[in-house]
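# Structural features, examined
As a plain string of letters, each chain reads:
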Amino acid sequence: MATAPQIKRQAPNILVTGTPGVGKSTLCQKLSETSGLQWLEISKIAKDYNCLEEYDEVYQCPILDEDKLLDGLEEVMCKGGNIVDYHSCEFFPERWFDVVFVLRTDNTTLYDRLVARGYTGKKLEDNIDCEIFQTILEEARASYNVDIVHELSSVAPTELEDNVNRICLWLQQWFQDNQ
Ligand SMILES: Nc1ncnc2c1ncn2[C@@H]1O[C@H](COP(=O)(O)OP(=O)(O)O)[C@@H](O)[C@H]1O
């Protein structure tokens, strides 16, 4: 039986994920400025689209209405040219992404960044555990073709530039391959 033809994207969609505090927003902002791709900060968009439900007292954050968010993003994701920034990745459709970058830090660095952000108690401990057990990396590997999932160290300021350059090289290659 014939399958519906896939509509080709004009530009790729990139997913940047990792534990809160690993440096996703910092990287995505710089990458967006350098590449011209649109930065979609999911936590902010969820607020703007009214996709936040009741408050989770234990984790001190609102619960995301995933279906509503995905419906709202479908059109823009089908067009392509987006950098999606979120601390989880399993609920996005696999077909949305051409490549997935998982940012990583060491635990001391992450601890200091999260304390500076005001995280304490269970929220702080759970996020440190999340990085120790490489939960988001495993989630990405389980949700996407492992060949498109890349781990990037995000500890030192010089790594920020290295990571932007590396992703820009990947982008160049994508445009060459998809002309
Ligand atoms: N490569 C890096 N080197 C040093 N500090 C960084 C780096 N990337 C991010 N940071 C710092 O870490 C903190 C958390 O970064 P942020 O981008 O907000 O993380 P996330 O979006 O993953 O929660 C910020 O203070 C930021 O300046």
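This is a predicted model, so every value here is computed, not measured.

## Topic: the UniProt feature "binding site: ATP" (unreviewed entry) in the protein chain
- Residues annotated by UniProt as "binding site: ATP" (unreviewed entry) correspond here to G21, G23, K24, S25, T26 and R117. Sequence-wise these annotated residues cover 97 residues; spatially they are packed, their C-alpha atoms never more than 14.4 Å apart.
- In this fold, K24 is placed in helix α1 (residues 24–35).
- If sequence neighbours within four positions are ignored, K24 has contacts with V16, T17, G18, T19, D85, Y86, H87 and L103.
- Polar side-chain contacts of K24 include one of 3.2 Å to the backbone oxygen of T19.
- As for its position among the elements, S25 is in helix α1.
- Those residues in contact with S25 that sit more than four places away from it in its chain are W39, E41 and D85.

## Some remarks on the site of the ligand
- Around the ligand sit 15 residues, and of these G21, K24, S25, T26 and R117 come closest.
- Contact between the ligand and G21: an oxygen atom at 2.8 Å from a main-chain N or O atom of the residue.
- Taking R113, its side chain carries an N or O atom lying 3.2 Å from an oxygen atom of the ligand.
- Across the complex, the protein chains shield 72% of the 560 Å² of accessible surface that the ligand would expose by itself.
- Those elements that place two or more of their residues in the shell around the ligand are α1 and α7 (157–177).
- Looking at the shell around the ligand, the element that brings in the most residues is α1, giving three residues.
- For the shell around the ligand, the per-class residue count stands at six nonpolar, six polar and three charged.

Scoring rules and cut-offs
Residues numbered from 1 in each chain as written. Predicted model: local features only at pLDDT ≥ 70, side-chain atom pairs only at ≥ 80, totals over all residues. Heavy atoms only, no water. UniProt positions renumbered as here; feature names shortened; annotations may be inferred. Helix = DSSP H or I, 4+ residues; strand = E, 2+ residues; numbered from the N terminus. Contact = heavy atoms within 4.5 Å. Polar contact = N/O pair within 3.5 Å; in protein donor to acceptor, adjacent residues only side chain to side chain. Near = heavy atom within 4 Å. Areas by Shrake-Rupley, 256 points an atom, 1.4 Å probe, with all protein chains shown as cover. Nonpolar A, V, L, I, M, F, W, Y, C, P; charged D, E, K, R; others polar.

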